[in-house]
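Fold and contact review
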Protein chains: 2
Amino acid sequence: MRDVAALAGVSVSTVSHVLNDTRAVPEETRARVAGAVAATGYTPNSVARSLKRAETRTIGIAIGDITNPHFTAVVDAIEAAARAEGYTVVLVGISESAEREREGLTALAGRRVDGLIVAPSADGGPAALERLRRQQAAIVQIDRVANPSCDAVVVANECGARRLVRHLAACGHRRIGMLTGLPGLSSTRERIAGYRTGLRDAGLPYDENLLACGEYSAEPARQAAARLLAEADPPTALFASNNLMTLGALQALAEHGLTVPDDIALAAFDDFAWSDLFKPHLTTVAQPCREIGQAAVRLLLERLADPDLPPRLVRLPVELRHRNSCGCAAGAPPIA
Amino acid sequence: MRDVAALAGVSVSTVSHVLNDTRAVPEETRARVAGAVAATGYTPNSVARSLKRAETRTIGIAIGDITNPHFTAVVDAIEAAARAEGYTVVLVGISESAEREREGLTALAGRRVDGLIVAPSADGGPAALERLRRQQAAIVQIDRVANPSCDAVVVANECGARRLVRHLAACGHRRIGMLTGLPGLSSTRERIAGYRTGLRDAGLPYDENLLACGEYSAEPARQAAARLLAEADPPTALFASNNLMTLGALQALAEHGLTVPDDIALAAFDDFAWSDLFKPHLTTVAQPCREIGQAAVRLLLERLADPDLPPRLVRLPVELRHRNSCGCAAGAPPIA
DNA sequence: ACGGCTAGCGCAAACGTTTTCGCAACCAGT
DNA sequence: ACTGGTTGCGAAAACGTTTGCGCTAGCCGT
């Protein structure tokens with residue numbers, strides 16, 4: 001910037017002012033500065049600016065695994081929305097482990113991100129977010145809420161699970177197994193709650209043995225499903241409460257020589273992008289991934305604008321995608 | 001840091017020195033400082049550090065669309081590798097448009113990233129990278145090379161395409177259509193070249209009418225495939241030269257009432273994560289996505305360590321995944 | 001007793017911006 | 001001719017680090 005100022009024959013203040021236009025500068029001077037900028041190929045140093053301004057125009061994203069299509073979509077939406085507002089995003093992967101989460105958040109705190117969008121892990125607990133909070137960062141949780149005093153955007157977990165289970169029951173299933181997510185996450189709890197109300201709606205008993213923990217990922221889910229299938233009175237339908245566990249379940253079913261939906265029904269939380277090409281046409285409840293991302297940055301910016309807002313929780317609706325892995329005719333309308 | 005220094009009864013220099021341990025400090029002082037750090041909840045401000053040190057320990061990733069599973073995997077690998085080396089990544093989406101690319105790179109240049117990993121777009125051209133280069137950023141291109149004087153990691157495009165086409169020919173196909181990628185990208189050129197050598201290997205003529213541009217994405221590919229199917233003498237096999245175009249092709253085939261592999265054969269560049277669940281079991285050539293990411297950060301760090309290295313190009317092998325969309329028995333060995 | 005060495009530490013100048021304060025020049029109104 | 005307002009600009013102090021330089025105190029060897 002010094003060079004630019006020298007070349008334009010003005011002071012650095014003036015250069016700064018025309019660049020940000022933060023005070024009136026006659027057209028002629030402005031032009032000279034612009035010329036000098038072009039001539040020197042000057043690129044404003046945003047780290048210096050961040051230091052001075054005490055804001056980085058950066059938002060951190062801390063999620064378990066961007067490889068999970070659900071998070072991929074969310075991240076993509078976040079990035080787009082953030083960019084539209086002049087923010088850039090820094091991505092840290094915290095593979096569902098409390099330690100990684102701590103490391104990642106520390107890095108982000110050091111980098112002085114203005115805001116943080118986080119899918120909190122089970123055991124990180126509310127404490128992990130405190131440091132960022134003290135730094136005045138705007139924090140929004142997605143998918144699950146670990147700290148109720150921070151903003152969050154989640155989906156209608158209970159409702160989605162309930163509808164799926166009710167539908168399976170309506171298809172005549174009386175023993176419906178469930179693959180549950182990581183214990184300790186609010187989404188896991190809510191989906192289990194939905195499963196239970198779904199059963200109740202249908203007048204079916206709740207049997208603890210029909211639950212198996214799949215930890216929201218494929219391999220554990222495969223084992224969990226295998227366990228359910230080995231029961232004395234095995235389920236005739238399975239509810240996998242996220243996408244990865246659906247894959248695990250399918251693998252287990254294949255290993256047991258069971259085909260969907262002929263031998264066993266399957267319904268799942270989370271839709272897949274190219275579901276149409278899948279062999280069993282999965283009946284699912286789809287999350288509005290992009291909307292989650294968009295809502296998250298909206299909340300974040302609002303909080304940045306007014307830090308004294310009360311904590312808000314936005315809960316987005318899910319959408320039932322009725323196909324035929326549930327065993328009913330493809331055209332049949334799902335129960336509401 | 002001032003507070004920490006005051007609390008510990010030392011100067012800021014000393015605090016800085018114990019934090020980075022950059023000079024000998026007796027254990028006792030060190031402990032006092034550590035105590036003060038803990039007591040104040042101090043988090044080092046890396047933006048100030050970056051300003052002073054003239055390095056950000058940040059690497060930028062500029063790719064078209066992280067929603068594409070191929071890029072998702074690459075990004076994930078990059079993030080992991082970078083984090084292992086103490087770098088954080090900032091992500092900018094440049095949706096295959098020259099303007100977005102320019103914007104994104106400008107943002108990264110302003111943020112003074114130490115390095116950049118970019119999947120260059122067709123028309124951004126070598127120029128887009130120049131500014132970053134002048135800033136001494138280490139640049140590595142992935143998937144395609146737009147600027148031969150920058151490092152790059154790509155895959156054996158020609159070889160992969162060639163093997164797939166040769167295999168289709170060996171299955172008896174004499175008219176093999178190809179869905180080509182975005183014109184202007186090196187990967188597109190190389191895959192077309194592979195297609196041609198594959199044909200030549202098999203003694204088949206090259207017919208320009210069997211090529212249709214699918215722009216590396218689904219909808220254009222659907223239309224392109226539809227065009228090929230409408231030919232007077234339509235292809236009996238299709239080679240889709242990336243994952244998204246495969247989806248487009250499948251849609252076109254479905255619309256024409258064609259099933260794979262009975263009515264028409266299909267082979268594709270890029271594997272899918274859950275190919276096993278897909279209805280046509282796709283014969284594909286898989287890219288080593290994670291290795292691409294890892295190699296990219298390796299090259300990047302090496303260049304950071306020694307900016308005078310000559311430009312390097314690493315070309316990674318691809319892996320043929322033989323299933324049955326190509327129409328031959330599932331167990332049959334693919335031709336080498 | 002004195003020079004030299006070392007260990008332990010602090011001062012202050014950067015890094016590249018933003019922003020406050022204030023100066024000079026000009027114009028208008030009396 | 002003087003006041004008062006406006007316009008156009010520059011000087012310099014921050015922001016929170018890192019780091020070169022140098023100071024002091026103690027110790028050893030002579």
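Our subject is the structure that appears above.
Every residue gets a number counted from 1 within its own chain, in the order that chain's sequence is written. For naming, the first written chain is A and the first written ligand is 1, with later ones following in the order written. In keeping with the model being predicted, local features are shown solely for residues with a pLDDT of at least 70 and side-chain atom pairs are shown and tallied solely at 80 or more, while totals for entire chains, interfaces and linings include all residues.

With that settled, consider the relation of the copies chain B and chain A. We superpose the copies by least squares over the C-alpha atoms of residues that have a pLDDT of at least 70 in both of them. It takes a turn of 180° to lay chain B on chain A, together with a shift of 0.0 Å along the axis; the resulting RMSD is 0.0 Å. Put plainly, the chains are arranged around a two-fold axis. Comparing interface residues between copies, 100% of those in chain B also sit at the interface in chain A, which points to an isologous, same-surface contact. Our contact criterion uses C-beta atoms placed from the backbone: two residues qualify when those atoms are within 7 Å.

Right, let's talk about the environment of Asn242(A) for a bit. We count a stretch as a helix when DSSP gives it H or I for four or more residues in a row; a strand needs E for two or more, and each element gets its number in order from the N terminus. Within the element layout of this structure, Asn242(A) appears in the loop between strand E8 (237-240) and helix H11 (243-255). Apart from residues lying up to four places away in sequence, Asn242(A) is in contact with Gly181(A), Tyr216(A), Phe269(A) and Asp270(A).

This paragraph deals with the interface of chain B and chain A. Listed by partner, the interface residues are 37 residues for chain B and 37 residues for chain A. Counting only elements with at least two residues in the side of chain B that touches chain A, the list comes to helix H4 (46-53), helix H5 (69-84), strand E2 (88-93), helix H6 (98-110), helix H7 (127-134) and helix H11 (243-255) of chain B. Three residue categories are used. Nonpolar comprises Ala, Val, Leu, Ile, Met, Phe, Trp, Tyr, Cys and Pro, charged comprises Asp, Glu, Lys and Arg, and polar comprises the others, including Gly. Looking at side-chain class alone, the side of chain B that touches chain A contains 19 nonpolar, 11 polar and seven charged residues. Relative to E2(B), strand E2 (residues 88-93) of chain A runs antiparallel, the two being bridged by three bridges. Any two strands are treated as partners once DSSP identifies two or more bridges connecting them.

Around DNA strand D, the structure places 26 residues, and the nearest of them are Ser11(A), Met1(B), Ser13(B), Ser16(B) and Asn45(B). Elements supplying a minimum of two residues to the surface near DNA strand D: helix H2 (12-19) and helix H4 (46-53) of chain A together with helix H2 (12-19) and H4 of chain B. In the surface near DNA strand D, the residues fall into 12 nonpolar, 10 polar and four charged. Here, nearness means that the C-beta atom of a residue, built from backbone geometry, sits within 6 Å of the molecule or strand in question.

Working definition: the strands of a sheet are paired by backbone hydrogen bonds and lie parallel or antiparallel to each other. All names here are of chain A. Strands sit in the order E7-E6-E8-E9-E10-E12 across an open sheet of six strands; the sheet is mixed. On the outer flanks of this sheet lie strand E7 (211-213) and strand E12 (319-321), each paired with one strand and no other. Each adjacent strand pair in this sheet contributes to an overall mean axis angle of 15°, direction not counted. Whenever a helix is involved, its axis is fitted only over the stretch in contact; in every case the axis is a line through C-alpha atoms, and angles between N-to-C directions fall within 0 to 180 degrees. Strand contacts of helix H8 (residues 157-170): strand E6 (176-180), E8, strand E9 (265-269), strand E10 (283-286) and E12, with the helix running at about 170° to E9, the strand carrying the most contacts. In the packing of H11 onto the sheet, the strands contacted are E6, E8 and E9, and the crossing angle to E8 comes to about 145°.

Once that is clear, we can look at the sheet that holds strand E12 (residues 319-321) of chain B. All names here are of chain B. Sheet architecture is open: six strands sit in the order E7-E6-E8-E9-E10-E12, paired in mixed fashion. The open sheet is flanked by strand E7 (211-213) and E12, the only strands paired with a single partner. Each adjacent strand pair in this sheet contributes to an overall mean axis angle of 15°, direction not counted. Alignment of strand E9 (residues 265-269) against strand E10 (residues 283-286), held across three bridges, turns out to be parallel. Bridging from a neighbouring strand, Phe269 pairs with Val285 of E10. Each of strand E6 (176-180), strand E8 (237-240) and E9 touches H11; the most contacted strand, E8, lies at about 145° to it.

Another aspect to go through is the protein's contact with DNA strand C. Around DNA strand C, the structure places 26 residues, and the nearest of them are Met1(A), Ser16(A), Asn45(A), Ser11(B) and Ser13(B). Taken together, the elements giving at least two residues each to the surface near DNA strand C come down to H2 and H4 of chain A together with H2 and H4 of chain B.

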